[in-house]
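So the chains spell out like this:
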Amino acid sequence: VSMTDALHHLALKQLEGRGESIAEGKATLREVIEARRELQGNRHPDTLVAVGRYITVLQREGKYAEAEPLCREVEATSRELLGGMHETTLTAANNLVSNALAQRRQCEVEDLAEETVAACRSGYGERHALTLVALGNYAACLLSRGAIAEAEPFVVGELQASREIRGPDHAETLMSLDTLIDCLA
C-alpha cells in the first residue's frame, strides 16, 4: 500500500466521524488529491476518484459553486479516459446532476440524467446504488418541470429497490417515499 493510498483511507475514516474529524478528513483528502496529481497526474483514475470524493464533501457542506467545476472536470475526463459505462464516469455524472439539482438548474442536466439512468441500468442493473442515485436524479429533473406522470415510475422503481437494498428505514429510502407522496398528492 502506497503512502497516498494510506492517506486516502485515513481521510475516508476521518470523514465518517464528526466535527473536527470531518475537517481533518477534508484536509487530508485535499493532501491526497495534491499528492495524486503530483505523482499520477490530473487524469489518472485514482486522482479522479479522490476528487470525486472531495466533491461529495463539498456538496454535503452546501458548497455547490465550488464543486461545480470539479464535477465537470471529473465527468468529462472520466468519460474520455474510461468510457461512458465506467463506474467512475457514472458516479461523476450523478455528482454533476446532483450538483445542478441542488442549484435549481435541472434543465441543464436532464439529458445527462436520462443517459445516466440508461447506462446504469444497462451496466449495473436496477438494484445497484449508482442506478438508484441516477433514478432519483432523473425523477427530480422530471418533477421540477411538472412531469409528474412521467416521473412516477422512476420514483416507484427507486423506492422499491431502495427498500430492498438499503432497508425501509434508511434515510435515502425515506426521502424516496417522501418524493412518491409528493407525486401522488
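Just so we're clear, the structure is a prediction, and the values are computed from it rather than from any experiment.

Caption draft 1: Examining the overall build of the chain more closely. Counting secondary structure elements, the chain contains nine helices and zero strands. Going from N to C terminus, the chain has its helices and strands arranged as α-α-α-α-α-α-α-α-α. Considering only contacts within the chain whose residues lie at least 6 apart along the sequence, 51% involve residues at least 24 apart. Total accessible area on the chain stands at roughly 9700 Å², and carbon and sulfur atoms take up 53% of it.

Caption draft 2: Quick look at the pattern of salt bridges. Evaluation of the coordinates by the stated rule reveals 14 salt bridges. The salt bridge partner of Glu73 is Arg37, with a shortest N-O separation of 3.5 Å. One end of the pair, Glu73, is in helix 4 (residues 64–82); the other, Arg37, is in helix 2 (residues 20–40), and 36 residues separate them in sequence. Overall, Glu73 belongs to the partly exposed group, its relative accessible area being 30%. Arg37 gets classed as partly exposed once you look at its relative accessible area, which sits at 31%. Between Glu164 and Arg127 there is a salt bridge; the shortest N-O distance is 2.8 Å. Residue Glu164 is found in helix 8 (residues 148–166), and its partner Arg127 is found in the loop between helix 6 (106–124) and helix 7 (129–144); the two are separated by 37 residues along the sequence. Looking at Glu164, the relative accessible area reads 55%, which means it is exposed. A relative accessible area of 41% places Arg127 in the partly exposed class. Ionic contacts of the salt-bridge type, sharing partners, join the residues Glu68, Arg72, Arg105 and Glu108 into one network.

Caption draft 3: Spatial organisation of the side chain of Thr116. Note that Thr116 resides in helix 6. Polar contacts involving the side chain of Thr116 include one to the main-chain carbonyl oxygen of Leu112, which spans 2.7 Å. Beyond its immediate sequence surroundings of up to four residues, Thr116 is in contact with Leu90, Ala93, Asn94 and Ala134.

Caption draft 4: Quick peek at unusual backbone geometry. Its identity as a non-glycine residue notwithstanding, Arg104 has a phi of 60°, on the positive side. Counting through the fold element by element, Arg104 comes out in the loop between helix 5 (87–102) and helix 6. Arg104 sits in the exposed class, given a relative accessible area of 70%.

Caption draft 5: Inspection of helix 9 (residues 171–184) at higher detail. Taking 1.5 Å as the rise per residue, helix 9 with 14 residues should run 20 Å; its terminal C-alpha atoms sit 20 Å apart, in good agreement. By the burial criterion, the buried members of helix 9 are Thr173, Ser176, Leu180 and Cys183. Considered in projection along helix 9, the buried side chains sweep an arc of 70° and stay on one side of the axis. Residues of helix 9 that are exposed and angled more than 90 degrees away from the buried face: Ala171 and Asp182. Where helix 9 is buried, its residues contact helix 7 and helix 8.

Caption draft 6: Geometry of the nonpolar core. If you look at the biggest cluster of nonpolar residues, it comprises 41 residues, and the most contacted ones within it are Ile55, Val97 and Phe154. Once residues lying within four places of it in the same chain are set aside, the contact partners of Val97 are Val109, Leu112, Ala113, Asn137 and Cys141.

Caption draft 7: Fine view of the packing of helix 8 against helix 9. With their axes 9 Å apart at the nearest point, helix 8 and helix 9 run at an angle of 155° to one another. With respect to each other, helix 8 and helix 9 are oriented roughly antiparallel. Helix-helix and strand crossings are classified by hand; for helix 8 and helix 9 the assignment is left-handed. Where helix 8 approaches helix 9, its residues Ile148, Glu152, Val155, Val156, Glu158, Leu159, Ser162, Arg163 and Arg166 are matched on the opposing element by Glu172, Thr173, Ser176, Leu177, Thr179, Leu180, Cys183 and Leu184. Along the lines of polarity and charge, the residues of the contact of helix 8 with helix 9 split into eight nonpolar, four polar and five charged.

Calculation notes
Starting from 1, residues in each chain are numbered consecutively following that chain's sequence as written. In keeping with the model being predicted, local features are shown solely for residues with a pLDDT of at least 70 and side-chain atom pairs are shown and tallied solely at 80 or more, while totals for entire chains, interfaces and linings include all residues. Heavy atoms throughout the structure, all of them, feed into the side-chain values; hydrogens and water do not. For the purposes of this entry, the term helix denotes a DSSP run of H or I that reaches at least four residues, the term strand denotes a run of E that reaches at least two, and both are numbered from the N terminus. We call two residues in contact whenever any of their non-hydrogen atoms come within 4.5 Å of each other. Areas reported as accessible are Shrake-Rupley estimates using a 1.4 Å probe. Residue values count occlusion only from the protein chains shown. By salt bridge we mean one thing: a side-chain nitrogen of Lys or Arg within 4 Å of a carboxyl oxygen of Asp or Glu. Relative accessibility under 20% of the residue-type maximum defines a buried residue, over 50% an exposed one, and the middle range a partly exposed one, all with a 1.4 Å probe and only protein chains included. In protein, a polar contact means a hydrogen-donor-capable atom and an acceptor-capable atom, both N or O and within 3.5 Å, with residues adjacent in sequence counting only if both atoms are side-chain atoms; elsewhere, any N or O pair within 3.5 Å suffices. Helix span, expected: 1.5 Å multiplied by one less than the number of residues in the helix. Taking the helix axis as origin, the arc is that swept by the directions to the C-beta atoms. Residues enter a nonpolar core if they are buried and are Ala, Val, Leu, Ile, Met, Phe, Trp, Tyr or Cys, with the set joined through side-chain atoms within 4.5 Å. Every axis in this analysis is a line fitted to C-alpha atoms, fitted for helices over the stretch in contact. Angles between the N-to-C directions lie between 0 and 180 degrees. Any angle from 65 to 115 degrees is called roughly perpendicular, while one under 35 is roughly parallel, one over 145 is roughly antiparallel, and all others are oblique. Here a crossing is called left-handed whenever its near helix is offset anticlockwise from the far helix by less than a right angle, and right-handed whenever the offset is clockwise. For this scheme, ten residues count as nonpolar: Ala, Val, Leu, Ile, Met, Phe, Trp, Tyr, Cys and Pro. Four count as charged, namely Asp, Glu, Lys and Arg, and the remainder, Gly too, count as polar.

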